[in-house]
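Each chain is listed here by its residues.
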Amino acid sequence: MAVAVGRPSNEELRNLSLSGHVGFDSLPDQLVNKSTSQGFCFNILCVGETGIGKSTLMDTLFNTKFESDPATHNEPGVRLKARSYELQESNVRLKLTIVDTVGFGDQINKDDSYKPIVEYIDAQFEAYLQEELKIKRSLFNYHDTRIHACLYFIAPTGHSLKSLDLVTMKKLDSKVNIIPIIAKADTIAKNELHKFKSKIMSELVSNGVQIYQFPTDEETVAEINATMSVHLPFAVVGSTEEVKIGNKMAKARQYPWGVVQVENENHCDFVKLREMLIRVNMEDLREQTHTRHYELYRRCKLEEMGFKDTDPDSKPFSLQETYEAKRNEFLGELQKKEEEMRQMFVMRVKEKEAELKEAEKELHEKFDLLKRTHQEEKKKVEDKKKELEEEVNNFQKKKAAAQLLQSQAQQSGAQQTKKDKDKKNPWLCTE
Amino acid sequence: MSTGLRHKSKLATPEDKQDIDKQYVGFATLPNQVHRKSVKKGFDFTLMVAGESGLGKSTLVHSLFLTDLYKERKLLSAEERISQTVEILKHTVDIEEKGVKLKLTIVDTPGFGDAVNNSECWKPITDYVDQQFEQYFRDESGLNRKNIQDNRVHCCLYFISPFGHGLRPVDVGFMKALHEKVNIVPLIAKADCLVPGEIRKLKERIREEIDKFGIHVYQFPECDSDEDEDFKQQDRELKESAPFAVIGSNTVVEAKGQRVRGRLYPWGIVEVENQAHCDFVKLRNMLIRTHMHDLKDVTCDVHYENYRAHCIQQMTSKLTQDSRMESPIPILPLPTPDAETEKLIRMKDEELRRMQEMLQKMKQQMQDQ
C-alpha cells in the first residue's frame with residue numbers, strides 16, 4: 001500500500017533534470033546500512049492445535065533447532081508462550097520472536113479459545129502505544145514485540161475448515177496479518193489437495209475473513225507474489241531429519257512407500273512459504289502491521305479514551321488539552337469516590353455503635369433478672385429449711401414424749417404381768 | 001467299549017477301522033449342523049463409527065466392506081458446524097458372500113466433536129446405545145419373543161486423530177462414557193501422515209493414556225493353549241498392534257503392475273492392504289474374519305447384562321418405595337419379612353421380659369419375708 005504524502009495544493013512541483021551525478025541515489029544504501037547495523041526484528045505467531053507441527057515447521061523454516069518440549073493435550077485453557085532468538089545470516093542480525101499457542105483446540109469447550117490470543121496481540125500494541133505516548137521516549141531502540149505475521153495451521157481433514165478455525169480467524173483478521181497454511185500436507189493426495197484448497201479459500205471469502213494479501217504494486221515483486229497467491233493456502237510439510245536422496249542429504253520424511261522431500265516443489269509448498277514469508281515479504285509484513293493493524297488499534301483505543309481529532313466546532317484539538325481535561329476529570333472522579341467511601345465508613349461505624357449499645361442494654365437486663373430469680377430461690381430454700389427444722393423439732397418432742405410414756409407404761413406393765421402370772425398359774429398346771 | 005449307542009457304518013470297513021467306528025458316537029457333526037443352520041438364518045452386525053469430521057471414517061467403512069454406503073452425503077461447511085449437534089444416522093445393507101448373508105448396520109455419528117463447544121457431545125450417542133438396550137430388554141421380557149430384532153451396537157470404532165500427541169480430552173470423555181456399554185476399538189486414523197517411528201510412539205502413548213484414564217477398550221480373548229503356533233503368533237501380533245493405525249481408500253490405483261486399493265502421492269503409492277504400510281488388514285481380519293462373533297458375544301453377555309441388572313435394580317428399589325407403580329415386566333416378589341408381624345413379635349418379647357422380671361421380684365420378696 002503506497003502511503004500518500006500530502007502536499008499543499010497551491011505549490012507547483014517542477015521536475016528538474018540533473019546535469020551530473022549528485023549522489024543521493026545512495027540514500028537507500030545508507031538506509032540499508034543503518035538498519036543492518038541496528039538489526040531487524042520479526043515476530044511470528046503460530047496458531048494451531050497441539051501436535052499439528054508448529055515447532056517442527058519453525059525449525060525447518062529457520063534451519064535450526066529451537067528447543068521446545070511438545071505440549072500435552074490436557075491444558076485447561078489456551079496460553080501463549082513467547083520465545084526470542086537471535087539469528088545471524090551473513091552480516092544481518094535478526095531478533096526473532098516465536099509465539100506459540102499452547103493448548104489451542106484441546107478443550108472440550110472452545111468458546112473462549114480465541115480470547116488469550118487477541119489479548120496478547122492487543123497487549124503488544126498497547127505496549128507500543130504507551131511507549132509512543134511517553135514524554136521521554138526512545139522508539140528507535142524499542143524492542144518491537146508486535147506480531148508481524150500469524151501463521152494459522154489448518155488441519156488436513158480434506159473437507160473444509162473446522163468451526164474453531166473460522167471463529168478464530170474472524171477475530172484475528174483485523175489485528176494481524178494472517179497467513180493460512182495446511183499443516184501435515186503429506187496426508188492429502190494430489191487430487192484431493194486442489195479441492196481442499198479451493199474449499200478453504202471459498203469459505204474464507206464467504207465469511208469475510210481478510211487474510212494477508214501479498215503486495216502486487218511493486219514491479220519487482222508483483223509477478224512472483226501474484227503467482228504465489230494462486231497457491232494459497234500453502235500445503236506444507238516440516239521435517240528436521242535428513243534423508244539421503246541421490247547423493248546428497250535433504251530434509252525429508254521417510255515412509256515405507258516413499259520419501260517426502262520438504263524442499264521439493266512437487267511434494268509440498270514449503271519452498272513457496274519460505275519465499276513469501278522470509279525472502280520476499282518480510283519487510284512488507286512489518287510495514288503492514290505498523291501502518292494498518294497498529295494504526296487501527298491506536299485509533300480505536302484513543303477514541304475509547306475520548307480523544308477526537310476535531311472538537312464539535314471543527315477546530316483541531318491538541319492532544320495536550322484533551323489530556324489535561326481528561327486528567328482533571330479523572331481526579332475529580334477520584335475525589336468523589338473518596339468522599340463516598342468516607343461517608344459510608346462513618347455510617348457503618350454509627351450503625352455498629354448502636355448495635356453494640358443495644359446489646360449492652362440487653363445484657364444488663366438479663367443480669368438483673370437473673371439476680372432477682374436467684375434471690376427468690378434463695379428465700380424459698382431458706383423457708384423450706386425452717387419448716388424442716390420445725391418438723392424435726394416437733395418430731396423430737398414427740399419422740400421424747402413417746403419414750404417417756406413407754407417407760408411409764410413398762411413400769412406399770414411389769415407390775416401387771418406379775419399379777420397376771422399369779423392368776424394364771426393354777427390353769428397352767430392342769431394343762 | 002460299551003455296547004450302548006454305536007454308529008453303524010453302512011460301508012464295508014477294514015478291521016482296524018471297525019474299532020474306531022465302535023467308539024464313534026456322532027456328535028462331532030454338531031459344528032456342521034450349527035454351520036448349516038446359521039447360514040440359513042443369516043447374521044446381523046451393528047457397527048458404530050465415531051470420531052471428528054475429516055478423519056476418514058466413511059472411507060474406511062467403504063474399504064472394509066467394499067460397498068459405498070454414503071452415496072448422497074452432504075458435508076456441512078465450517079460456519080454451519082459452529083454450533084452443530086450430534087446426529088445419529090443408520091445405514092443398513094444386506095451383503096452376501098459364498099452363501100452367507102450378513103445384515104450390516106453402520107451407525108454414523110456426524111457432528112461429533114465439530115462444534116466449538118463440545119461439552120457432552122457424546123450424550124446423544126450414549127442415549128442411542130441405551131435406547132437399543134432398552135428396546136431389546138422390553139422385547140426379551142415380552143410375551144411373544146419369536147422375532148426379536150437385535151439392534152444393539154456390537155462394536156464401536158473410535159477414530160483418534162493422528163495429528164496430536166495422544167488422546168484429547170474429547171476422546172477421553174467419549175470413551176469413558178461408552179466403555180461400559182459398547183465394545184470400543186480405538187483406531188489411529190489417516191496413518192499415512194506418520195512415519196513408522198512416530199506410529200510406534202503414538203501407539204505407546206495412547207496405550208499408556210488408556211491405562212491412565214482407566215478406559216476399558218475391547219480386549220481380544222486369549223486363544224486356547226491347544227491352538228497351533230501360527231495362530232498364536234498371529235494373535236500375539238494382533239494384541240501388540242492395538243490400537244490399529246489405519247488408512248482407507250475409495251480408489252484403486254496401479255502399483256507395480258497390479259491394481260490395488262490405495263492412495264496416490266507424488267512420492268509413492270500407499271497400499272491399503274499392505275501390512276507394512278498400515279494395520280488395515282489386521283483390523284479387517286479382526287473385525288470381520290475372526291472376532292465378529294466374539295464382539296457380539298461380549299455385547300450380549302457383558303454389556304447387555306450389566307445394563308439389564310442395573311435396570312432391574314433400579315426398578316425394584318422404586319417398587320418398594322411406591323407399591324402402586326406398575327412394573328412393565330414380571331418381577332418375582334422378594335421374601336422380605338412383613339413389618340406388621342415384626343412389630344407384634346417385638347411386643348410379645350417385651351411382655352415376656354416384663355413378666356419374668358416381676359416373677360423374680362416376687363421370689364425375692366418371699367425370700368425376704
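Each chain has its residues counted from 1, following the order in which its sequence is written. Following the order in which they are written, the chains are lettered starting with A and the ligands numbered starting with 1. Predicted model: local features are reported for residues with pLDDT of at least 70 only, side-chain atom pairs are reported and counted for 80 or more only, and whole-chain, interface and lining totals are derived from all residues. Note that the side-chain values use all heavy atoms of the structure and ignore hydrogens as well as water.

- Chain B carries the name Septin in an unreviewed UniProt entry, which gives Odocoileus virginianus as its organism.
- UniProt positions are given in the numbering used here, feature names are shortened, and annotations may be inferred rather than shown by experiment. Looking at the Function (unreviewed entry) heading of the UniProt record, one finds this comment for chain B: "Filament-forming cytoskeletal GTPase."
- Chain B has a UniProt comment under Subcellular location (unreviewed entry) that states "Cytoplasm, Cytoskeleton".

- Per an unreviewed UniProt entry, chain A goes by Septin and derives from Macaca mulatta.
- Word for word, the UniProt comment on chain A under Sequence similarities (unreviewed entry) is "Belongs to the TRAFAC class TrmE-Era-EngA-EngB-Septin-like GTPase superfamily. Septin GTPase family."
- According to its UniProt record, chain A has this under Subunit (unreviewed entry): "Septins polymerize into heterooligomeric protein complexes that form filaments."

1. Digging into a negative patch on the surface
Residues and elements named next belong to chain A.
Link 1 in the chain: In this scheme, patches are assembled from residues that exceed 30% relative accessible area and form no salt bridge. Like charges are connected within 9 Å, while nonpolar side chains (Val, Leu, Ile, Met, Phe, Trp, Tyr) are connected within 5 Å. Here the Shrake-Rupley method, with its probe set to 1.4 Å, supplies the accessible areas, and only the displayed protein chains count as covering residues. Just to be clear on terms, a salt bridge is a Lys or Arg side-chain nitrogen sitting within 4 Å of an Asp or Glu carboxyl oxygen. Note that His is not counted, nor are the chain ends; the positive residues are Lys and Arg, and the negative ones are Asp and Glu. In plain terms, the charge of a residue is placed at NZ if it is Lys, CZ if Arg, CG if Asp and CD if Glu. A contiguous patch of negative charge, built from E351, E355, E358, E362, E365 and D368, is present on the exposed surface.
Link 2 in the chain: Under the scheme used here, helices are H or I runs from DSSP no shorter than 4 residues and strands are E runs no shorter than 2 residues, and both carry numbers assigned from the N terminus. Within the secondary structure, E362 is located in helix α9 (residues 319–430).
Link 3 in the chain: The rule is simple: take the accessible area with a 1.4 Å probe, protein chains only, and divide by the maximum for that residue type; under 20% is buried, over 50% is exposed, in between is partly exposed. Look at E362 and you get exposed, because its relative accessible area is 51%.

2. Some remarks on the packing of helix α4 (residues 123–141) of chain B against helix α5 (residues 169–178) of chain B
All names here are of chain B.
Link 1 in the chain: Here, axes are lines fitted to C-alpha atoms. For helices the fit covers the stretch in contact, and angles between N-to-C directions go from 0 to 180 degrees. Here α4 crosses α5 at 15°, and the two axes come no closer than 10 Å. With respect to α5, the axis of α4 lies roughly parallel. Judged by the sense of rotation from one axis to the other, the crossing of α4 with α5 is right-handed. Along the contact surface, α4 presents I125, T126 and V129, while α5 presents F174, A177 and L178.
Link 2 in the chain: Residues are sorted three ways: Asp, Glu, Lys and Arg are charged, Ala, Val, Leu, Ile, Met, Phe, Trp, Tyr, Cys and Pro are nonpolar, and all the rest, Gly among them, are polar. Residues that form the contact of α4 with α5 fall into these classes: 5 nonpolar, 1 polar and no charged. Oblique is the label for any angle not covered by the other classes, which are roughly parallel (under 35 degrees), roughly antiparallel (over 145) and roughly perpendicular (65 to 115). In this scheme the handedness of a crossing depends on how the near helix is turned from the far one: anticlockwise by less than a right angle means left-handed, clockwise means right-handed. Contacts are assigned to residue pairs with any non-hydrogen atoms lying within 4.5 Å of each other.

3. As for the sheet that holds strand β1 (residues 43–50) of chain B
Residues and elements named next belong to chain B.
Link 1 in the chain: A pair of strands is considered paired only if DSSP assigns at least 2 bridges between the two. Read across the sheet, 6 strands follow the order β2-β3-β1-β4-β5-β6 without closing on themselves; strand pairing throughout is mixed. Bordering the open sheet on either side are β2 (89–97) and β6 (244–245), each of which pairs with just one other strand.
Link 2 in the chain: Relative to β6, strand β5 (residues 184–188) is paired through 2 bridges, and the arrangement is parallel. For I188, the partnering residue across the bridge sits in β6 and is A245.
Link 3 in the chain: Where helix α6 (residues 196–212) meets the sheet, it contacts β4 (155–160), β5 and β6, and its direction lies at approximately 150° from that of β5.

4. Section: the pattern of salt bridges
Oppositely charged side chains are able to pair whenever their charged atoms sit close together.
Residue and element names in this part refer to chain A.
Link 1 in the chain: Scanning the entire structure with this criterion turns up 38 salt bridges over all chains.
Link 2 in the chain: We note a salt bridge from E126 to K301, for which the minimum N-O separation is 2.7 Å. Taken together, the residues span a long stretch of sequence, with E126 in helix α3 (residues 114–133) and K301 in helix α8 (residues 282–305) at a distance of 175 residues.
Link 3 in the chain: You can call E126 buried: its relative accessible area is 19%.

5. Brief notes about the packing of aromatic side chains
Link 1 in the chain: Any Phe, Tyr or Trp ring, taking Trp's six-membered ring, that has another such ring centre within 6.5 Å forms a pair; planes under 30 degrees apart are called stacked, those over 60 apart edge-to-face, and the others tilted. If you walk through the whole model with that rule in mind, you get 16 aromatic pairs over all chains.
Link 2 in the chain: A ring pair is formed by Y136 of chain B and Y304 of chain B, whose centres lie 5.2 Å apart and whose planes are at 90°; its orientation type is edge-to-face. In this pair, Y136 of chain B is assigned in helix α4 and Y304 of chain B in helix α9 (residues 292–321), connecting sequence segments 168 residues apart.
Link 3 in the chain: Measuring from centroid to centroid gives 6.3 Å for F220 of chain B and F244 of chain B, while their planes differ by 35°, and the two rings are tilted. Of this pair, F220 of chain B sits in the loop between α6 and α7 (229–240) while F244 of chain B is found in strand β6, placing the two residues 24 residues apart along the sequence. Residue F220 of chain B shares its accessibility class with F244 of chain B, and that shared class is buried.
Link 4 in the chain: Among the aromatic residues, those joined into a cluster by ring pairs are F125, Y128, Y294 and Y297 of chain A.
Link 5 in the chain: Criterion for a charge above a ring: Arg CZ or Lys NZ at most 6 Å from the ring centre, at most 35 degrees from the ring normal. The aromatic ring of Y128 of chain A is capped on one face by R146 of chain A, whose charged end is 3.6 Å from the ring centroid.
Link 6 in the chain: Cation over ring: R146 of chain A sits above Y294 of chain A, and NZ or CZ is 4.8 Å from the ring centre.

6. Side note on the sheet that holds strand β5 (residues 178–182) of chain A
Residues and elements named next belong to chain A.
Link 1 in the chain: Strand order in this open sheet of 6 strands is β2-β3-β1-β4-β5-β6, and the pairing throughout is mixed. The open sheet has two edge strands, β2 (79–89) and β6 (234–235), and neither has a second partner.
Link 2 in the chain: Bridge count between β5 and β6: 2 bridges; the pairing is parallel. Looking at β6, one finds that I181 is bridged to F234.
Link 3 in the chain: Across the sheet, helix α1 (residues 27–38) touches β1 (40–47) and β3 (92–102), and the angle it forms with β3 is around 55°.

7. Details of the UniProt feature "domain: Septin-type G" (unreviewed entry) in chain A
Link 1 in the chain: This chain's UniProt record puts "domain: Septin-type G" (unreviewed entry) on residues 38–304 of chain A.
Link 2 in the chain: Counting secondary structure, residues 38–304 of chain A comes out at 38% helix and 22% strand; the distance between its end C-alpha atoms is 35 Å.

8. A look at a nonpolar patch on the surface
Link 1 in the chain: Taken together, the side chains of L18, V22, F24 and L27 of chain A define a hydrophobic patch exposed on the protein surface, amounting to about 440 Å² of accessible area.
Link 2 in the chain: Topologically, V22 of chain A is positioned in the segment before α1.

9. Some points on the packing of α3 of chain A against helix α4 (residues 163–172) of chain A
All names here are of chain A.
Link 1 in the chain: Here α3 crosses α4 at 20°, and the two axes come no closer than 10 Å. Of the possible angle classes, the one that applies to α3 and α4 is roughly parallel. Seen along the crossing, α3 lies across α4 with a hand that is right-handed. Listed contacts from α4 to Y114, I117, V118 and I121 of α3 are V167, T168, K171 and L172.
Link 2 in the chain: The residue makeup of the contact of α3 with α4, split by class, is 6 nonpolar, 1 polar and 1 charged.

10. Examining the interface of chain A and chain B
Link 1 in the chain: Contacts between the two partners involve 47 residues from chain A, matched on the other side by 48 residues from chain B.
Link 2 in the chain: A simple way to read buried area is as the amount of 1.4 Å-probe accessible surface that goes missing from two parts once joined, with both sides added. When the two sides are added together, the surface that chain A and chain B hide from each other amounts to roughly 3,900 Å², 55% of it contributed by carbon and sulfur.
Link 3 in the chain: Ranking the residues of chain A by area buried against chain B places H73, I108 and W257 of chain A at the top, with a combined share of 21%.
Link 4 in the chain: Remark: the boundary between chain A and chain B carries 4 salt bridges.
Link 5 in the chain: Close ionic contact of E52 of chain B with K162 of chain A constitutes a salt bridge, the shortest N to O distance being 3.3 Å.
Link 6 in the chain: What qualifies as a polar contact is a pair of N or O atoms within 3.5 Å, subject to a donor-acceptor requirement within protein and to the restriction that residues adjacent in sequence count only when both atoms come from side chains. Inspection of the chain A/chain B interface yields 18 residue pairs in polar contact (both at pLDDT 80 or more).
Link 7 in the chain: Elements with a contribution of two residues or more to the side of chain A that touches chain B: α4, α5 (190–206), β8 (248–255) and β9 (258–261) of chain A.
Link 8 in the chain: Looking at which element gives the most residues to the side of chain A that touches chain B, the answer is α5 of chain A, with 5 residues.
Link 9 in the chain: When the residues that make up the side of chain A that touches chain B are grouped by side-chain class, the tally is 16 nonpolar, 19 polar and 12 charged.

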